Each structure stands twice: as C-alpha cells, then as structure tokens.
Amino acid sequence: MQSHGPTLIDPASIAFQTVLDRLAPTDATVLIVGETGTGKEVVARYLHHHSPRRQQPFLAVNCGALTESLAESELFGHEKGAFTGARDRHQGWFEAAEGGTLLLDEIGELSLPLQVKLLRVLQEREVTRVGSHRAVKVNVRVIAATHVDLAQAIRERRFREDLYYRLNVAAVTLPPLRQRREDIPLLAEHFLRLYARRLGRPQLQLSDETLLTLMEYPWPGNIRELENTLHNAVLLSKEPIITPRQLRLGPLGADSLPVGEEALDEFMRQQLQKGDEQVYQRVIDALVRNAFELSGGNQLQTATLLGVSRNTLRTQLGHLGLIKPRRSVAVNGKRGGTPLASHERELRIGYQKFGNLGILKARQLLESDFSNRGISVLWSEFPAGPQLLHALSNGEIDFGTTGEVPPLFAQANDNRMLYVAWEPAAPQSVALVVANESPIETIGDLRGKRIAVNKGSNVHYLLVQVLDEAGLTLDDVRVVYSPPKYPLTPSDHHAVDAWMMWDPLLSDAERGGQLRVIANGSGRVNNHQFYLAHRDFAAHSADLLHHVMSALEQTGRYIDSHRLEAAALLSAELGMATDSLTHALARRSHQAQRMDLGIIRDQQAIADRFYALGLIPRAIKVRDAVWTE
C-alpha cells in the first residue's frame, strides 16, 4: 500500500486497495474506520499520494490530542489579540493544508461545539479564525479516521449525526491483520529489512518457525504491533537468525485464546448472562490494566495503545489505583492539608529518552537508591520540551529537563518552574536541514519557504537567529508548527521545504545521507540543557532534588567515560543505530552544574530578544526563577 512497502497479496487486502485506487483521484471526503494499529494514517497518505493533490501538503492532526481550550485555534487559526497570549496571527491546520489533504485522526474525540464548527467548514469550505468575523476560503480535501463506532456515539449523543453523514461520503473499513494473514510474512519481511538496515544488521533473517509463529498469532494490536515486534526482535537478536523467542509475543496464541469477533462476542454474552452488574467496569479495568502493563507504565504509550486521550487514561488509572488521583501539590510536607507519611513520598520525573535522564532511567539508579526510603520514582516520557513544561505547569510532574528556550515560554505564561541546574552548550546538536535535492543552498534561499519547527523549542530560537543573519524575519517564511521526526516520509517532503532538528534525530539524519545541514547552532545559539523543578516541589522536597542532582552528576560522568555503553542503552530505548547515538552523545558534555551568574545572563539575553520580537507575551526576569537552596 505504501510506495516503498510490500506488495500485498491477501484477497482482503487486494479488494481493499482496489477501493482506494478508485477513491484516490477524487476529492471525496473519506471516513476511514479501523481498529487501533491497522494503518489508518498510511491509508490516508496513500489516498493523498495517488491524487492530483500529491504535490501539495499532507497534514495530520490528532483530534484526541487537542486541548479543549486551544482546539478551535489549532484547527481554524486565530487573530492577534484574540485571547491572552495571542501575540500574532496564527494559521490553523486547515489553512496550513491549503491545496492538499488534511487528515482528522480520532475524529470521534472532538467536542460537540467543535463538531458544529467543523460541519460548517465542510459545508462552506471556509474557516473563520478565532477573534475574526471574516471567513477565509480553503481548498482542502478532508479525510477523517476513527477506531470507535460512530453510530454508537451518535446514539449516545456524543457525535452529531449530520457531521457523520458529511464525513461518510465514502467510507472504507480497514480489515484487521488477523483477517489478512497471507500478508503477514510480507509485512514482517518489510519491517525486518527496515529496522535491520537502520540498525546496521542487514544480514538478519526470520526462521521458518518464526514465520509460523507470526502467522498463528492473532495480532490484537494489528500492523503496529507487528512492526513493534519486529523492531524489538532486531534489537534483541544476537544471532543472524531470529527465533520465536526473540519475538517476545504474549500468550495470545491462536490455540490459547480466540480473539475473533465471534469469540469475543460469545465471551461478552456469557459474562452478561451471569447477571454481574459490574461487567462493564471490569472489562474497562482489564483493558486499561493490561495496556498499562504492556506499555511498561508509560502513560503516553498506554493512551496510544487504547486509542484514548491521556486525560481519559489518567482518570481510569486513578480509579484502579495504578497512579495517585490528581490532587493539590504538596507544600511543606502536606497535600490538601494532610501530612504525608514517609512511605507516600514520590518523585515524578518528566524526561526525553535521549540524554542524562534517559540513561538514569535505563540504569535504575534512583529506584535502587530510594528503595529502602519509601520513595516511589514515576517516569513520564515527553516528545519535546514544550510538552514537558506544560505538564510541569499542571502539576503532573515534579522535575524534568529541556533546552534553553522552552523555560522562557513557560515563565512568560506564569509557569511555576525553577531552574535547578544546567549542562554545557552543544551548538552543533541543533540545525536547519533540507533534502539533498532541494534547491535551497543558502539561508537567503529560505524566503517564502515552508519550515517545520516545534513551537517554543530550542530550534525556534535558532530559526530566529538564522533568518536574522540573512536579513529575514518570521514573516518572510511560512512556519509549520510540528514536532520533528526522522526518517521522513514522502508526505513530509511535500508538506515543507526545510526542518529544524536536534539530536539524536539530527545525528541520525546526517548519517542517513538524505538530508544536508544548511546552518547549525555554531555561532548562533548556545543550546544549553536545563534541569527544572516545580516551585512547590522544590520548597518541600529539597532533599530529593539534592539527591537527584548527585545522581545526574554521576550519570554525566558515566556517559562521558563510557559513551559506547551509554549509546547501547539508548539504542534499546530509542530503536536507533548505536553509532548515531554515540555521535550525538559526543557533541556535548553531560556534566550537570548548578546555576551561575553567567548562565543566567545568557538566558536573560534570549528572553529579552523573544519579548522584543513579540514571541512571548511579557518580559521576564530569569533570576527570579532560579533555585537558590
């Protein structure tokens, strides 16, 4: 189904692809329905790349990840001054996809008020930005995707019937992998070659017994589960032949637990006939508990596996007692006025897999140190600094690390954070990159080009500096706000002209040879790394902060003296080649240091520049946000 993927042979897949080939050249709105992991976004990209719009952007937005307060602005845009913090006009997803295709993934997660606005956009083919009364015409093909039963959602008054019929102009249902078993060997070989090549092990092969095991497994997580299984097998295998043991599949063999729809219906019917009034909650609890265990306690991965929002997941986890219910942050050893017993203490760390905290988590040093002190260490993974700072602001974590720019955005929005420590600069670990065949050769060639950047990240500041160097401003380019990723798909190359990247993806991209660096941070930005804590946590848990800093200093020494070992640990976590990670680790010193006057001045200079450019809503004083204990 993908241009670089396997040729499918299963009759169900061939029939399905025939439908897609008929729909692709049209402008019809398509509703894609399928279980989690069946490849709904892959199908949407296939429709786009085989349509007359293939040279225009393909953008995908996860409706379940949009916060209620900002969803309308994200989808339809806003005007300057539309709300607090709206310093500039912002282009929404519909305008950003002009001329191309917009995938509205998890459409069933949209609130009812937004469903009304979306219906009007689909009917009138125009959007009205928040804070404006002027409609803007848009030429966008809309594809919607969902894993839930929208008909049932309509009956429960969670989804508008008129919107359903507007989206359901052409509906395609993705067959689950268990119904297209003849494709399993082809898909498995495809994923094996993909990850073996990325990890420098092209000689790997699947044994006949392994292929049989793959064919017999029911794949409740569908293609995504198959891909993850082969990825892990490549990481775990030390021999050239991958055996069933390396697959690490659960006990869901075809002979042990039938998972077809008929069997599942029969099981549910039996439970209902028992007259147990709690059957609904027991089923939900079992789903959440098992997904949480399979994801190793990672909330973001669990939410993705279940196809629900993180807020919904946290409610269920709190109900099960797997996490503590949300509560007011502890102050002076109390939460909500109740003293905390020593065994109730916890340290909630937000981290990105690359860097000191990723290594610290992999080595389990804190857990070992705290095991006899009644202190729980809870880890939450974040894709980038802005998301981590948002969680810190909302009291979801106590401590975390990010680059030099996200804390400035956070302070300007009244985030109650404190700088605890910093790591030396690594300017070569951030860069602006383009495709090898791109006509862009110099910074000046960026005028009018589309540049992907994660808003409020380190590379946001690098972009400002790069443009200034060529006498350009942010108004001279078209900024597309999206988190970085690598490898890039054909759609990514159609959507934008250049990407702002940072390590370890940057090192991996440089090794891949398909992208080239136009400008890195050398002489433009420092790219320091900062460790941050919530103010209230720092006030009542200074002892934990001191202990964490000692562990980080020890970890930094370990990374700098055992770089290959550290890279191997990260390789297992990130699924990236060890030499890419070794190169990324070598670009910086990992020695965490306490805050000093010089680093405070550097941060203040960036803050003043961002305020002057109108990128943050108010002036800030960095020194007021430094932990002084």
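Rules used in this analysis
Residues numbered from 1 in each chain as written. Predicted model: local features only at pLDDT ≥ 70, side-chain atom pairs only at ≥ 80, totals over all residues. Heavy atoms only, no water. Helix = DSSP H or I, 4+ residues; strand = E, 2+ residues; numbered from the N terminus. Buried < 20%, exposed > 50% of the residue type's maximum accessible area, 1.4 Å probe, protein only. Contact = heavy atoms within 4.5 Å. Areas by Shrake-Rupley, 256 points an atom, 1.4 Å probe, with all protein chains shown as cover. Phe/Tyr/Trp six-rings, centres within 6.5 Å; stacked < 30°, edge-to-face > 60°. Lys NZ or Arg CZ within 6 Å of the ring centre and 35° of its normal. Pairing = 2+ DSSP bridges. Axes fitted to C-alpha atoms, helices over the stretch in contact; angles between N-to-C directions. Core = buried A, V, L, I, M, F, W, Y, C linked by side-chain atoms within 4.5 Å. Parallel < 35°, antiparallel > 145°, perpendicular 65-115°, else oblique. Left-handed = near helix turned anticlockwise from the far one by under 90°. Nonpolar A, V, L, I, M, F, W, Y, C, P; charged D, E, K, R; others polar. pLDDT = per-residue confidence, 0-100.

### Some thoughts on the overall build of the protein chain
Part 1 of the argument: A count of helical and extended segments in the protein chain gives 27 helices and 22 strands.
Part 2 of the argument: With 629 residues in all, the protein chain has 51% of them scored as buried.
Part 3 of the argument: The long-range share in the protein chain, meaning contacts at least 24 apart out of those at least 6 apart in sequence, stands at 76%.
Part 4 of the argument: When the accessible surface of the protein chain is summed, it comes to about 28,800 Å², and 50% of that surface belongs to carbon and sulfur atoms.

### Some details on the packing of aromatic side chains
Part 1 of the argument: Within the structure shown, the criterion is met by 8 aromatic pairs.
Part 2 of the argument: With a centroid separation of 4.6 Å and an interplanar angle of 75 degrees, the aromatic rings of Y217 and W219 are classed as edge-to-face. The exposure classification of Y217 matches that of W219, with both residues buried.
Part 3 of the argument: When the ring of F399 is compared with that of Y531, the centres are 6.1 Å apart and the planes differ by 5 degrees; the resulting orientation is stacked. Taken together, the residues F399 in strand β14 (residues 399–403) and Y531 in strand β21 (residues 529–534) connect sequence positions 132 residues apart.
Part 4 of the argument: For F399, a relative accessible area of 0% corresponds to the buried category.
Part 5 of the argument: Given a relative accessible area of 1%, Y531 falls into the buried group.
Part 6 of the argument: When the ring centre of Y558 is taken as origin, the NZ or CZ atom of R363, which lies over that ring, is 3.8 Å away.

### Things to note about the sheet that holds strand β12 (residues 346–351)
Part 1 of the argument: Read from one edge to the other, the open sheet built from 6 strands follows the order β13-β12-β14-β21-β15-β22, with strand pairing classed as mixed. One side of each edge strand has no neighbouring strand; the edge strands of this open sheet are β13 (376–381) and β22 (593–594).
Part 2 of the argument: Looking at chain direction, β14 and β21 are connected through 5 bridges and run antiparallel. Each bridged residue has a counterpart across the sheet, and for T402 the counterpart in β21 is F530.
Part 3 of the argument: Along the sheet, helix α16 (residues 356–363) contacts β12, β13, β14, β15 (417–423) and β21; its crossing angle with β12, the most-contacted strand, is approximately 130 degrees.
Part 4 of the argument: Lying over the sheet, helix α24 (residues 542–561) contacts β12, β14, β15, β21 and β22, oriented at roughly 50 degrees with respect to β14.

### So, the nonpolar core
Part 1 of the argument: Residues F94, L102, L104, I107, F159, M501 and L515 are the most contacted members of the largest nonpolar core, which totals 60 residues.
Part 2 of the argument: For this core, the leading source of residues is helix α5 (residues 112–124), giving 5 residues.
Part 3 of the argument: When near neighbours in sequence (up to four residues on either side) are disregarded, I107 contacts C63, L118, A144, A145, T146, L150, F159 and L167.
Part 4 of the argument: F409, M417, W502 and I616 belong to the second largest nonpolar core, which has 52 residues in total.

### Re the packing of helix α8 (residues 184–198) against helix α10 (residues 222–236)
Part 1 of the argument: Orientation of α8 relative to α10, taken along the N-to-C sense of each, is 45 degrees, at an axis distance of 9 Å. Judged on the interaxial angle alone, α10 and α8 are oblique. The element α8 and its partner α10 pack so that their crossing is right-handed. Counting all contacts with α8, which are made through I184, L187, A188, F191, L192, Y195 and A196, the residues of α10 involved are I223, L226, E227, L230, H231 and V234.
Part 2 of the argument: In terms of residue class, the contact of α8 with α10 is made up of 11 nonpolar, 1 polar and 1 charged.

### Structural notes on the confidence of the model for the protein chain
Part 1 of the argument: Of all residues in the protein chain, 84% attain a pLDDT of 70 or more, and the chain-wide mean is 81.
Part 2 of the argument: Ranking the helices and strands of the protein chain by mean pLDDT puts β21 first, with 94, and strand β11 (residues 338–339) last, with 40.
Part 3 of the argument: Segment residues 252–260: pLDDT under 50, and 13 contacts once partners within four positions in sequence are set aside and those in other chains are kept.
Part 4 of the argument: In this model, residues 325–343 is a region of pLDDT below 50 whose contacts with residues beyond four sequence positions or in other chains number 29 contacts.

### A few points about unusual backbone geometry
Part 1 of the argument: The omega torsion across D503 and P504 is 10 degrees, close enough to zero to call that bond cis.
Part 2 of the argument: Despite not being glycine, R157 has its phi angle at roughly 60 degrees, a positive value.
Part 3 of the argument: In this fold, R157 is placed in the loop between α6 (150–155) and α7 (161–167).
Part 4 of the argument: Residue classification places R157 among the exposed residues on the basis of a relative accessible area of 72%.
Part 5 of the argument: Unlike most non-glycine residues, W219 shows phi in positive territory, near 50 degrees.
Part 6 of the argument: Structurally, the position occupied by W219 is in the loop between α9 (208–216) and α10.
Part 7 of the argument: Assessed through its relative accessible area of 0%, W219 is described here as buried.

### Observations concerning the environment of L20
Part 1 of the argument: Take L20: it is sitting in helix α1 (residues 11–23).
Part 2 of the argument: For L20 and V172, which are 152 residues apart along the polypeptide, the C-alpha to C-alpha distance reads 8.2 Å.

### Quick word on the packing of helix α20 (residues 458–469) against helix α27 (residues 597–612)
Working note: a packed helix pair is described by the angle between its axes plus the distance between those axes.
Part 1 of the argument: At a closest axis distance of 12 Å, the pairing of α20 and α27 adopts a crossing angle of 70 degrees. As the angle between them shows, α20 and α27 are arranged roughly perpendicular. Crossing geometry of α20 relative to α27 is assigned as left-handed. Within the contact between the two elements, α20 uses Y461, V464, Q465 and D468 and α27 uses I606, R609 and F610.
Part 2 of the argument: Counted by class, the contact of α20 with α27 contains 4 nonpolar, 1 polar and 2 charged residues.

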